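Residue-level listing of the chains:
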Amino acid sequence: MSDPSFNLPSKVGEPTWEAAYLLPTQGQWTEEDFFRFHTNRMAELVDGSLEVLPMPTLKHQKLLKWLFSGLELTVKQHGGLVLFAPLPVRLFAGRIREPDLLYIAPHHLPAADAAYPTRIDLALEIVSEGEDARKRDYEAKRSDYARAGVAEYWIVDPYEQHVIVLSLTDGNYQELGSFKPGQTATSKLLPAWSVDVQQLFSIS
């Protein structure tokens, strides 16, 4: 028997439950549901559930802008495409992620009429505050990007002050390095791209 309170309108100060009832329940989200859902928050699809991501901070966006500028200059020489969130990427069936920064090699560029990319070669995440965000970037996304065949995964952690670069080998990521201030993070996929970690984390 359903709870009769479900039929009552939401009160002032409560969540708008009526709107929530129009959406799929957790565990029942499809890709079609995901792409129909419009929000001012970034979200990802994981095992039929919607994961709403924390809004980026000013520091986060400054780091992202700096990283994007450097990578874009490199890619202009090598070809391909650099993009940044918000942009859903369908990694595999039922898994949609939004990397903070991504690179697509020339031979994987999507068709001109594609709404979203489905194959990327490098993903970069800037770790957000909170244990959930850390676990997502260090564990869940590491597993997802490896399964999707993403050749390189960068984890930029402004709280631990390091940049971890992971390279895909036989379906699993191998750590190329954990780079700290005073060191330069380098890419195996794009050897011409490097990041001065001291300069990166000095951004204010």
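Coordinates for the structure precede this section.
Definitions and limits used
Residues numbered from 1 in each chain as written. Predicted model: local features only at pLDDT ≥ 70, side-chain atom pairs only at ≥ 80, totals over all residues. Heavy atoms only, no water. Helix = DSSP H or I, 4+ residues; strand = E, 2+ residues; numbered from the N terminus. Buried < 20%, exposed > 50% of the residue type's maximum accessible area, 1.4 Å probe, protein only. Contact = heavy atoms within 4.5 Å. Pairing = 2+ DSSP bridges. Salt bridge = Lys/Arg side-chain N within 4 Å of Asp/Glu carboxyl O. Axes fitted to C-alpha atoms, helices over the stretch in contact; angles between N-to-C directions. Right-handed = clockwise from strand over helix to strand, strands pointing away.

## Comments concerning the overall build of the chain
From N to C terminus, the chain includes five helices and twelve strands. Referenced to the eigenvectors of the C-alpha coordinate spread, the extents of the chain come out at roughly 60 × 35 × 30 Å. The burial tally for the chain puts 41% of its 204 residues in the buried class. Expressed as a percentage of contacts within the chain between residues at least 6 apart in sequence, the contacts between residues at least 24 apart total 47%.

## Here's the deal with the pairing of strand S2 (residues 49-52)
Where strand S1 (residues 43-46) and S2 come together, four bridges link them in antiparallel fashion. Across the sheet, residue Glu44 finds its bridge partner in S2, namely Glu51. Where S1 folds back onto S2 in an antiparallel hairpin, the turn is made up of two residues, including Asp47, whose phi is positive at roughly 50°.

## A look at the pattern of salt bridges
A full pass over the atoms with the stated rule returns eleven salt bridges. Among the salt bridges present, the one from Lys141 reaches Glu44, with a minimum N-O distance of 2.8 Å. Of the two residues, Lys141 sits in helix H4 (residues 131-147) while Glu44 sits in strand S1, which places them 97 residues apart along the sequence. The pair formed by Lys141 and Glu44 is uniform in burial state, with each residue classed as buried.

## Comments concerning the sheet that holds strand S5 (residues 95-97)
Pairing is antiparallel across the open sheet formed by four strands, whose spatial order is S2-S1-S5-S4. With partners counted over all chains shown, the strands left at the sheet margins are S2 and strand S4 (89-92), one partner each. Averaged over all pairs of adjacent strands, the angle between their axes in this sheet comes to 30°, without regard to strand direction. Inspection of the sheet shows S4 paired to S5 by three bridges, in the antiparallel sense.

## Some details on the pairing of strand S7 (residues 122-126)
Taking burial as the measure, the five residues of S7 include five buried ones, the bulk of the element. Covered by surrounding structure in S7 are Leu122, Leu124 and Ile126 together with Ala123 and Glu125, the residues of both alternating faces. In the sheet, strand S6 (residues 101-104) pairs with S7 via three bridges, with the strands oriented antiparallel. When the sheet's bridge partners are listed, Tyr103 is paired in S7 with Leu122. Where S7 lies against strand S8 (residues 152-157), five bridges are found, and the strand directions are parallel. Across the sheet, the residue bridging to Glu125 is Ile155, located in S8. With H4 bridging S7 and its parallel neighbour S8, the resulting β-α-β unit is right-handed.

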